[in-house]
Amino acid sequence: MNRSAPSLATERLNLRGLKASDLAAFHAMYADPLVYNFLTGKPLSREEAWARMLRLAGLWELSGYGYWALEDKASGTLAGIAGFAEFHRTITPDISGKPEFGWALASPYHGKKLSTEAVTAIQAWGDKELAGPETSCIVAARNTVSIHLAKKIGFKTIAEGPYNDVPHLVLLRQRPS
């Protein structure tokens, strides 16, 4: 089992493990209503952002997979995060044991197809490295952009229901054998 984020690259992004020096950009992303509105429902304090970063970075050690920092090659800036997790969410249907794919992009990078670029590379890594036949994804039902991206990369909606009192879609993707 790999215990740290492997380095991946796309045309415009370096995908790497999160670093302590990412905190300012990570906090800014989670303080932006265009980002937190669909994820946490409220801006994160610096302390909460740090705790979230630690949680995402720690996934690699505990699960053998996790989240990558999406670093803009041109500027070296943290453009977002994406990867797989097992958050042990209380949601129906139960998606435990199915790595959950997720992503978030800082708003200055919205509309540039960087999410597609990142998730395509990460999904290819997951198809080679993850065990089990499928991955999961949950997306706020009103987040039409992320729903479109999830479906574009092969996820299919299997249910809609509340998560933290907010309507969400539960999606699954069969991985190639």
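Computed from a predicted structure; not experimentally measured. (Residues numbered from 1 in each chain as written. Predicted model: local features only at pLDDT ≥ 70, side-chain atom pairs only at ≥ 80, totals over all residues. Heavy atoms only, no water.)

Another aspect to go through is the overall build of the protein chain. For the protein chain, the count of helices and strands is five helices and eight strands. For the protein chain, whose C-alpha radius of gyration is 15 Å, the value lies close to the compact-globule estimate of 16 Å for 177 residues. Seen along its three principal axes, the alpha-carbon backbone of the protein chain occupies a region of about 40 × 35 × 30 Å. The burial tally for the protein chain puts 50% of its 177 residues in the buried class. Counting only contacts in the protein chain whose residues sit at least 6 apart along the sequence, the fraction spanning at least 24 positions is 63%. In the structure as shown, the protein chain presents an accessible area of about 8,800 Å², 54% of it carried by carbon and sulfur atoms. For the protein chain, the separation between the mean place of its 20 positive charges and that of its 17 negative charges on side chains is 4 Å. (Helix = DSSP H or I, 4+ residues; strand = E, 2+ residues; numbered from the N terminus. Rg over C-alpha atoms; globule rule 2.2 N^0.38 Å. Buried < 20%, exposed > 50% of the residue type's maximum accessible area, 1.4 Å probe, protein only. Contact = heavy atoms within 4.5 Å. Areas by Shrake-Rupley, 256 points an atom, 1.4 Å probe, with all protein chains shown as cover. Lys, Arg positive; Asp, Glu negative; His and termini not counted. Charge placed at Lys NZ, Arg CZ, Asp CG, Glu CD.)

As a further point, take the nonpolar core. Core analysis: the biggest nonpolar cluster contains 49 residues, and Phe26 and Ile81 have the highest contact counts within it. Apart from residues no more than four positions distant in its own chain, phenylalanine 26 is found in contact with Leu18, Ala49, Arg52, Met53, Leu56, Leu78 and Ile81. Of all hydrophobic cores here, the second largest spans six residues; its members include Ile91, Ile95, Ile138 and Val170. (Core = buried A, V, L, I, M, F, W, Y, C linked by side-chain atoms within 4.5 Å.)

What follows concerns the side chain of serine 136. Here serine 136 lies in strand β6 (residues 134-140). The class for serine 136 is buried, based on a relative accessible area of 0%. In this structure, serine 136 is in contact with Ile95, Lys98, Pro99, Glu100, Phe101, Phe155, Leu171 and Leu172, ignoring residues within four places of it in sequence.

Between its first and last C-alpha, helix α4 (residues 114-129) extends 23 Å over 16 residues, near the 22 Å set by a 1.5 Å rise per residue. Here α4 has its buried residues at Leu114, Ser115, Thr116, Glu117, Ala118, Val119, Ala121, Ile122, Gln123, Trp125 and Gly126. (Expected span 1.5 Å × (residues − 1).)

Evaluation of the coordinates by the stated rule reveals eight salt bridges. Two residues, glutamate 48 and lysine 42, come together in a salt bridge whose shortest N-O distance is 3.0 Å. For glutamate 48, a relative accessible area of 33% corresponds to the partly exposed category. Looking at lysine 42, the relative accessible area reads 39%, which means it is partly exposed. (Salt bridge = Lys/Arg side-chain N within 4 Å of Asp/Glu carboxyl O.)

With that out of the way, let us pick up the environment of threonine 120. Tracing the backbone shows threonine 120 in helix α4. According to the relative accessible area criterion, threonine 120 is partly exposed, its value standing at 42%. In this structure the C-alpha to C-alpha distance between threonine 120 and leucine 56, which are 64 residues apart in sequence, comes to 19 Å. Looking at threonine 120, its side chain comes within polar contact range of the main-chain oxygen of threonine 116, at 2.7 Å. (Polar contact = N/O pair within 3.5 Å; in protein donor to acceptor, adjacent residues only side chain to side chain.)

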